[in-house]
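Breakdown of the fold
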Amino acid sequence: ADESVTAEEAKALINDVPAWGGDESPYALLARARRELGDAAAERKTLEASASHSDDALETYRRLIELTVADRDLAALVRNVERYLAVDPLSEFPYRMLAEHGRSIADVRKVVAAARSLVALEPADRAGAHFLLAKLLHQTHDPEAKRHALLALEETPRFREAQKLLLSIVDRDRPQPRQPTRVEP
């Protein structure tokens, strides 16, 4: 038996039961069809409609996060990360996506908090998580950046980007030599 549903059938189901959102809803079926057709804008619009009718659609939130990153829509990225975390606060994915792609967000504290949470979850790539946090902290001139750069290097001593970051941190923190003052006779 063929269990596939066409886009037209999914639209008909949405018309019949418009409040049925989530990962197993007609919205999800329609979004998948639009994704297969390569229409990311229509897919995103459909997923947003689905998310507005569901409080626990992790796969929908995950895909929305991916699409908002691709569109560089930071406000939507934050909104969908918050939706995802409301359902699964122990997942690395939303923290990583916000920390990696949210550098342009006006409230840098949210991005730094996401990177701190990622480090606390002890991901498989601990060096990468510490490096990401160190970069964000360095941008905000937080002295803790040095510690996290060192922790990244402790995990992976030949991590070139972490080495460069540590040198940048040390250079910034190094006191500048004073210029001798000339005393006029």
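Criteria and thresholds
- Residues numbered from 1 in each chain as written.
- Predicted model: local features only at pLDDT ≥ 70, side-chain atom pairs only at ≥ 80, totals over all residues.
- Heavy atoms only, no water.
- Core = buried A, V, L, I, M, F, W, Y, C linked by side-chain atoms within 4.5 Å.
- Buried < 20%, exposed > 50% of the residue type's maximum accessible area, 1.4 Å probe, protein only.
- Helix = DSSP H or I, 4+ residues; strand = E, 2+ residues; numbered from the N terminus.
- Contact = heavy atoms within 4.5 Å.
- Axes fitted to C-alpha atoms, helices over the stretch in contact; angles between N-to-C directions.
- Parallel < 35°, antiparallel > 145°, perpendicular 65-115°, else oblique.
- Left-handed = near helix turned anticlockwise from the far one by under 90°.
- Nonpolar A, V, L, I, M, F, W, Y, C, P; charged D, E, K, R; others polar.
- Patch = residues over 30% accessible without salt bridge, like charges linked within 9 Å, V, L, I, M, F, W, Y side chains within 5 Å.
- Areas by Shrake-Rupley, 256 points an atom, 1.4 Å probe, with all protein chains shown as cover.
- Salt bridge = Lys/Arg side-chain N within 4 Å of Asp/Glu carboxyl O.

Considerations on the nonpolar core
By size, the foremost hydrophobic cluster in this structure holds 43 residues, and its most contacted members are Ile65, Leu98 and Phe159. Among the elements of the structure, α3 (40–51), α4 (58–71), α5 (74–87), α6 (92–101), α7 (108–120), α8 (126–139), α9 (144–155) and α10 (160–173) are those that each provide at least two residues to this core. Residues contacting Ile65, with those up to four places away along its chain left out, are Leu77, Asn80, Val81, Tyr84, Phe93, Pro94 and Met97.

What about the packing of α3 against α4?
The angle between the axes and the distance between the axes are what describe a pair of packed helices. Orientation of α3 relative to α4, taken along the N-to-C sense of each, is 140 degrees, at an axis distance of 10 Å. Classed by the angle they form, the pair α3 and α4 counts as oblique. Both α3 and α4 take part in a crossing whose hand is left-handed. Counting all contacts with α3, which are made through Ala40, Glu43, Arg44, Leu47, Glu48, Ser50 and Ala51, the residues of α4 involved are Thr60, Tyr61, Arg63, Leu64, Leu67, Thr68 and Asp71. Here the contact of α3 with α4 is built from residues that sort into six nonpolar, three polar and five charged.

Here's the deal with the environment of Leu74
Tracing the backbone shows Leu74 in helix α5. Here Leu74 falls in the partly exposed class, since its relative accessible area comes to 24%. Sequence separation between Leu74 and Pro157 is 83 residues, and the spatial gap between their C-alpha atoms is 33 Å. For Leu74, the residues in contact, after removing those within four places along its chain, are His101, Gly102, Ser104 and Ile105.

Considering the environment of Ala70
In this fold, Ala70 is placed in helix α4. The sequence separation of Ala70 and His101 amounts to 31 residues, and the corresponding C-alpha distance is 9.7 Å.

Considerations on a nonpolar patch on the surface
On the surface, a nonpolar cluster with roughly 250 Å² of combined accessible area is contributed by Leu13, Val17 and Trp20. Relative to the elements of secondary structure, Trp20 occurs in the loop between α1 (7–16) and α2 (26–36). Taking the relative accessible area as the measure of exposure, Trp20 reaches 40% and is therefore partly exposed.

Interpretation note: all reported values are geometric properties and have no functional meaning in isolation.
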